[in-house]
Amino acid sequence: MIAYRSFLSVDLAWKFTKIHVVPKRTQHFQRCFSSCGFNYNSRTHFEGGLRVDMDRKKQKMVANTWIPVSTQSRSTEGGLGDEKHDFGGQVQEIKCTVSLYESTVQKAVQVSERIDLEGRATPSADDESLSAAQKHSVTVKAGASLMRFIRGKGGSTQRTIEEEMKVKLILPFSWNEDCLIIEGSSAESVARASDRVQAVIDETVKSRNLDYSHFVSLPLAIHPELVNKLINFQNSVLGITVVNQDENLECDSSGKTSDSEGEQNLSEPQIAVELKAEDSNDCVKMDKTNIPLVSYSPKVSMSSTSESKASKLLDLGIEKSIFIKPKTFHLTVLMLKLWNKDRIEAAAEVLRSVSPKVIDALESRPVSIRLKGLECMKGSPAKARVVYAPVEVIGGEDRLLRACQVITNAFIEAGLVLENDLNQKLKLHATIMNARHRKSKKGSKKADSFDARKIFGQYGSEDWGEYLICEAHLSQRFVFDDDGYYHCCASLPFPEEMQLD
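Given the structure is predicted, the values throughout are model-derived calculations rather than measurements.

Caption draft 1: Expanded view of the pattern of salt bridges. The tally for this structure, following the rule as stated, stands at 15 salt bridges. Between E164 and R196 there is a salt bridge, and its shortest N-O distance comes to 2.9 Å. In this pair, E164 is assigned in helix α3 (residues 156-165) and R196 in helix α4 (residues 187-206), connecting sequence segments 32 residues apart. On the basis of relative accessible area, E164 is assigned to the partly exposed category, the value being 47%. For R196, a relative accessible area of 28% puts it in the partly exposed group. Across the pair R477 and D211 runs a salt bridge, and its minimum N-O distance is 3.2 Å. With R477 in strand β25 (residues 471-480) and D211 in the loop between α4 and β12 (214-219), the pair connects residues that are 266 residues apart, well separated along the chain. For R477, a relative accessible area of 16% puts it in the buried group. Beyond isolated ion pairs, a larger network of salt bridges with shared partners links E363, R365, D398 and R402.

Have a look at this one:
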């Protein structure tokens, strides 16, 4: 790509001493100026006395890709317009002055080329796109999360469709866009390519390659006491000790604060001093009588014993990444694959509209649960993959299960549950550890499981407490709100007090 610094002025112009063949790219540049009302002739003169002077000393040679430039004028104060445009690190600066109107003509650069999801530019419209008379196009709503499958590894799937169907696939520039454009020389080729793209989408959503994007959850992290219990549990298992410096500080008989172990002199780096200058002699006096102590937030320290314990835990396949984040603690009702905005909006509407039926299933009464003990999901403590706390509905009632089934049935009727997921069996559980969340799988011998026998020996009968279920969320995975919980796309409040008719 060539980045030009062009100056348009009345006083300067290009001068040629011999015949000059105008290249194709320059011709396109000329057409862009002509579209804005400037008449460009063979000597690069403009009507009204406007001429062009290229500063060849400041040209920067980069990738050989042409970006067409379009112009749009507007009146501003001053005689010189200065605008910079940055496209992938390449800067184009355009300055121009029109003395006839004593105003600045600002230039807006429009990039005509498309960039695929890996940042590679597709061929420009000037080189390969079809003429308006021949071009047929259609917009396909696929979904942002599906674009990488349509493109294929290294662009293989996209190239295959383009070559076989004689079309051009234009993928969206942003990860948030759901649509792609198919262009071809005939309506038939475009239609066949559209069917091919839809086949790729159908195959992808049915496979395990496309992960679940959303789920219906019953948040438990709204209870601070439960979050604290989970944090203490993780620190205890991992051998992490939280040390608060304030606990190591004692006061002597004079009321001054000192370190109980005498290892740190707080009067050196931790002093806040107010300096005052007197106008009479410009001297500075320091008042040492009231020096406030600077406090720090608690630190996490690990002793040599703890380090040894951490090494042993790694041998057991236990590390911090397999613990569920306390601020995301929840019960799962239903897993969903919502790959475009339409499906997300439809799911949100389903959850909101089913509220009356859910309230009826709960008999308009609050529902609370008790979490007690630990259990393994599909395995044994020696080779655990998922460790969770069993859920017991207080009072032994099945109102909560009925309400969850009402929600599930509503999503199935709306067509938002895929065929492969229709047989999901609801088992309310609060996941505490999951080997699938492990980050450092390469260095671990037990990447898909961990030895939880000692954890079960210590916490197998742990009473985590009783908690009220306040609402159901349509939660988005991998995206979090300010409170640390999964992003809420929609919510359904549960009764928190007895509702009387």
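Caption draft 2: Spotlight on the nonpolar core. Grouped together as the largest cluster of nonpolar side chains are 68 residues, with contacts concentrated most on I318, F329, L400, F411, M433 and F494. Counting residues in each nonpolar core, the second largest holds 22 residues, with M165, L169, L171 and V205 among its members.

Caption draft 3: Representation of α3. For α3, every residue scored as buried is listed here: Q158, I161, E162 and M165. The buried residues of α3 all sit within an arc of 95° when viewed along its axis, so they share a single face. Remark: K166 follows α3 within two positions and exhibits a positive phi of approximately 55°.

Caption draft 4: Layout of the sheet that holds strand β11 (residues 179-184). Taking strand neighbours across the sheet as the criterion, the three strands line up as β9-β11-β10 in an open arrangement whose pairing is antiparallel. Two strands in the sheet have a free side with no partner beyond their single neighbour: β9 (136-141) and β10 (167-170). On average, each strand axis in the sheet is inclined to that of its neighbour by 20°, with strand direction left out of account. Relative to β11, β9 is paired through six bridges, and the arrangement is antiparallel. In the strand pairing of β11, H136 is matched with G184.

Caption draft 5: How the structure looks around the sheet that holds strand β19 (residues 330-336). Overall, antiparallel pairing links the four strands, which are arranged β19-β12-β25-β26 in an open sheet. Every other strand in the sheet has two partners, leaving β19 and β26 (486-493) as the edge strands with one partner each. Within this sheet the neighbouring strands show an average axis-to-axis angle of 25°, counted without direction. Against the sheet, helix α7 (residues 341-353) makes contact with β12, β25 and β26, and its axis sits at roughly 30° relative to β26, the strand it touches most. With respect to the sheet, helix α9 (residues 399-413) is in contact with β12, β19 and β25, its orientation differing from that of β19 by roughly 20°.

Caption draft 6: Seen up close, the pairing of β25. In this structure, β12 lies alongside β25, joined through four bridges in antiparallel fashion. Across the sheet, residue F215 finds its bridge partner in β25, namely S475. Looking at chain direction, β25 and β26 are connected through seven bridges and run antiparallel. Its bridge partner lying in β26, H473 is registered against S491. Connecting the antiparallel pair β25 and β26 is a turn made up of five residues, with G484 showing a positive phi of about 95°.

So, how was this worked out
- Residues numbered from 1 in each chain as written.
- Predicted model: local features only at pLDDT ≥ 70, side-chain atom pairs only at ≥ 80, totals over all residues.
- Heavy atoms only, no water.
- Salt bridge = Lys/Arg side-chain N within 4 Å of Asp/Glu carboxyl O.
- Helix = DSSP H or I, 4+ residues; strand = E, 2+ residues; numbered from the N terminus.
- Buried < 20%, exposed > 50% of the residue type's maximum accessible area, 1.4 Å probe, protein only.
- Core = buried A, V, L, I, M, F, W, Y, C linked by side-chain atoms within 4.5 Å.
- Arc of directions from axis to C-beta.
- Pairing = 2+ DSSP bridges.
- Axes fitted to C-alpha atoms, helices over the stretch in contact; angles between N-to-C directions.
- Contact = heavy atoms within 4.5 Å.

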